[in-house]
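Listed here are the chains, written in short residue letters.
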Amino acid sequence: MKKIFLTLLFFSSSSYAAHISLTKAQSEKLQKFITEKWNSQSQILKNLQEQEVISEATAQQVSQAQQSLSLKVIALHPRTCQRGLKKISLYEDYKSHMSFLKKSEYDEKKQMVFFTIDHSLLPYAMVLNFKLPRIKSESVTHYTFTHGLFKNLQGEIHVQSIDNRCVYFMRAQWLGESTNLNASIVEAFAQTLTKIGLEHLMRIANL
């Protein structure tokens, strides 16, 4: 248990930049987006303007053999979507920006991403293989985990312009073979990993 919480501490991170100013029109557009995607809306708009990545995960032990996971994460970036996506869409370069990624490869033809997450605090290297087209413009893009711990996880990534700002939102659902970890650990790990992952992507978008 101690090792798990040390891992979560390793992955935790602070906000990635300074305050983002929004016009009244931009605030209204962003609030509309939040209302459509998030059940609990308290302080989300304010936190996004402070460039905080907000993540939420819920895991359950459905039966002795099965677990479920639902997660969502959102962030606001001060640059346009087109500018940020030029870097974010280069999945194969992620290992150069994220020290915990030991492998990041992309098969263009099959639209497959191959990640290996490894760190001395992790009990084992985590392999994530998933089908994801390159995201090069504002869109709703679907992805599927084909192998690994959360095989058959289904999700979608929303990239939407708020005038000269860009909002990134991801959600996913999974029901599958039990991980043999307590549901609360799966929940905390998924929430922390998605948060730090999107924080890194927001930094990549600044390069």
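Predicted, not measured: the structure shown is a model, and the values here were computed from it. (Residues numbered from 1 in each chain as written. Predicted model: local features only at pLDDT ≥ 70, side-chain atom pairs only at ≥ 80, totals over all residues. Heavy atoms only, no water.)

Along the protein, the regular secondary structure elements total five helices and eight strands. When the helices and strands of the protein are placed in sequence order, the string is α-α-α-β-β-α-β-β-β-β-β-β-α. Looking at the protein as a whole, 48% of its 207 residues are labelled buried. Sequence-distant contacts in the protein: of pairs separated by 6 or more residues, those separated by 24 or more amount to 58%. Accessible area for the protein stands at about 10700 Å²; split by element, carbon and sulfur atoms hold 52% of it. (Helix = DSSP H or I, 4+ residues; strand = E, 2+ residues; numbered from the N terminus. Buried < 20%, exposed > 50% of the residue type's maximum accessible area, 1.4 Å probe, protein only. Contact = heavy atoms within 4.5 Å. Areas by Shrake-Rupley, 256 points an atom, 1.4 Å probe, with all protein chains shown as cover.)

Moving on, we get to the pairing of strand 8 (residues 165–177). Pairing of strand 2 (residues 66–77) with strand 8 involves 12 bridges; the strand directions are antiparallel. Bridging from a neighbouring strand, L71 pairs with A172 of strand 8. Bridging between strand 7 (residues 154–162) and strand 8 involves nine bridges; their strand directions are antiparallel. The residue bridging I157 from the neighbouring strand is M170, located in strand 8. Between strand 7 and the antiparallel strand that follows it, strand 8, lie two residues; D163 among them carries a positive phi value of about 60°. (Pairing = 2+ DSSP bridges.)

The backbone phi angle of N152 is positive, close to 80°, even though this residue is not glycine. Mapped onto the elements, N152 comes out in the loop between strand 6 (139–148) and strand 7. Using a relative accessible area of 46% as the deciding quantity, one classes N152 as partly exposed. For D163, which is not glycine, the phi torsion reads 60° and is therefore positive. Checked against the element boundaries, D163 lands in the loop between strand 7 and strand 8.

Bringing the side chain of H200 into the picture now. Turning to its location among the elements, H200 is positioned in helix 5 (residues 183–204). Taking relative accessible area as the criterion, H200 reaches 16% and is therefore assigned buried. Those residues within four positions of H200 in sequence are excluded, and the remaining contacts are H97, M98 and F100.

Considering the arrangement of structural elements, one finds I117 in strand 4 (residues 112–117). The exposure class assigned to I117 is buried, which follows from its relative accessible area of 5%.

Turning next to the pattern of salt bridges. Per the counting criterion, the structure on display carries eight salt bridges. Here E36 and K32 are joined by a salt bridge, their closest N and O atoms 2.8 Å apart. Of this pair, E36 and K32 both sit in helix 2 (residues 24–37), four residues apart, which is roughly one turn of the helix. Using a relative accessible area of 47% as the deciding quantity, one classes E36 as partly exposed. (Salt bridge = Lys/Arg side-chain N within 4 Å of Asp/Glu carboxyl O.)

This next bit is on the side chain of Q26. With respect to the helices, strands and loops of the structure, Q26 is situated in helix 2. Here T23 takes part through its backbone nitrogen, which lies 2.9 Å from a polar atom of the side chain of Q26. Once residues lying within four places of it in the same chain are set aside, the contact partners of Q26 are S21, I162, D163, N164 and R165. (Polar contact = N/O pair within 3.5 Å; in protein donor to acceptor, adjacent residues only side chain to side chain.)

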